[in-house]
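Observations on the model geometry
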Amino acid sequence: MTKNGFKPIGFSTRLIKAIQQRGAGENIIKNLAELIKNCDDAYDTLQQKNIDTNGIIEVGYWQFLQKKRRVINAYFVRDYGIGMTIQQAHDAFGEKSYGEDTSANTRNGAIGVGGKDAFYDMEDVFIVSIHKGIPILIELRTNKDSIIEYQITENTSDVKSAIYEINKKISSYCNPIKLEQDGTFAMFKLPSHRTGLR
């Protein structure tokens, strides 16, 4: 018998899709609750280090016309915590992040489905995180195989351009994203086959 050549057994895309779908499902309240919990975790991290926080978590929405009715189908969640470094972003959303504990021993770390699942099947998913004045942009999408894909950008010029576009969208709803303010801002839109709230 040989002891060399062992490889891990892989996962099918069908299984990954099923796991991601089970997360928050199609319940927008669960999606938002998971993101709010993540914001609370950011404040908990600061409190564990005896750093005072304002504890503010902003949740907002946009209204759109859909079939001649006003519906709420785009949302944002924001904290003013410590933000993420590029390494933390890769740990949380990167290639080998699924199923990993990225909660950093926060009080809510074991609760919920995880930030990635909250964005399953969503459109226009943009996450801007600023840590010590250094911004990163995380973009998520659900591909044709119903698997969440990610792209993380740390090029300051590209991230500033994205922040400018995001600020134009959110200017009527909340304060703009500023490089001198650490924290994380996440926005997403429901796919067209989901009705949103009325």
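Each remark here, short or long, concerns the structure printed above.
**Some thoughts on the packing of aromatic side chains**
All chains considered together, the criterion is met by 5 aromatic pairs. Centroid distance W62 to F76: 5.7 Å. Interplanar angle 65°. Geometry classified as edge-to-face. Taken together, the residues span a long stretch of sequence, with W62 in strand β1 (residues 57-66) and F76 in strand β2 (residues 69-79) at a distance of 14 residues. Looking at F76, the relative accessible area reads 2%, which means it is buried. Plain terms: the ring middles of F119 and F188 are 5.7 Å apart, the flat faces sit at 75° to each other, and that makes the pair edge-to-face. With a gap of 69 residues between them, F119 in the loop between α4 (115-118) and β3 (123-131) and F188 in strand β6 (residues 183-189) connect regions that are remote in the sequence. Here the aromatic residues W62, F76, Y173 and F185 are joined through ring pairs into a cluster of three or more.

**As for the pattern of salt bridges**
By the definition in use, this model includes 6 salt bridges. Note that E34 and K37 form a salt bridge whose closest N and O atoms lie 3.7 Å from each other. With a gap of 3 residues between them, E34 and K37 both fall in helix α2 (residues 28-48), about one helical turn apart. Residues E34 and K37 agree in their burial class; the two are buried. R141 is paired through a salt bridge with E149; the nearest N and O atoms lie 2.7 Å apart. Look at R141 and you get exposed, because its relative accessible area is 55%. Residue class for E149 comes out partly exposed when judged on its relative accessible area of 29%.

**Quick word on helix α5 (residues 156-170)**
For α5, which comprises 15 residues, the first-to-last C-alpha distance of 20 Å matches the rise-based estimate of 21 Å (1.5 Å per residue) to within 8%. Those residues of α5 lying buried are V159, A162, I163, I166, N167 and I170. Relative to the axis of α5, the buried residues are bounded by an arc of 140° and lie together on one face. More than 90 degrees from the buried face of α5, the exposed residues found are S157 and Y164. The distance from a side-chain oxygen at the start of α5 to the backbone nitrogen of S157 is 3.0 Å, and the residue carrying that oxygen is N155.

**Considering the environment of G83**
Position of G83 relative to the elements: it lies in the loop between β2 and α3 (86-93). Apart from residues lying up to four places away in sequence, G83 is in contact with Q88, S129, I130, H131, G183 and T184.

**Looking at the pairing of β3**
Of the pairings in the sheet, the one linking β3 to β6 comprises 6 bridges and is antiparallel in character. Bridge pairing links I130 to G183 in β6. The hairpin formed by β3 and strand β4 (residues 134-142) contains 2 residues between the paired strands, and K132 there has a positive phi angle of roughly 55°.

How each quantity is defined
Residues numbered from 1 in each chain as written. Predicted model: local features only at pLDDT ≥ 70, side-chain atom pairs only at ≥ 80, totals over all residues. Heavy atoms only, no water. Phe/Tyr/Trp six-rings, centres within 6.5 Å; stacked < 30°, edge-to-face > 60°. Helix = DSSP H or I, 4+ residues; strand = E, 2+ residues; numbered from the N terminus. Buried < 20%, exposed > 50% of the residue type's maximum accessible area, 1.4 Å probe, protein only. Salt bridge = Lys/Arg side-chain N within 4 Å of Asp/Glu carboxyl O. Expected span 1.5 Å × (residues − 1). Arc of directions from axis to C-beta. Polar contact = N/O pair within 3.5 Å; in protein donor to acceptor, adjacent residues only side chain to side chain. Contact = heavy atoms within 4.5 Å. Pairing = 2+ DSSP bridges.

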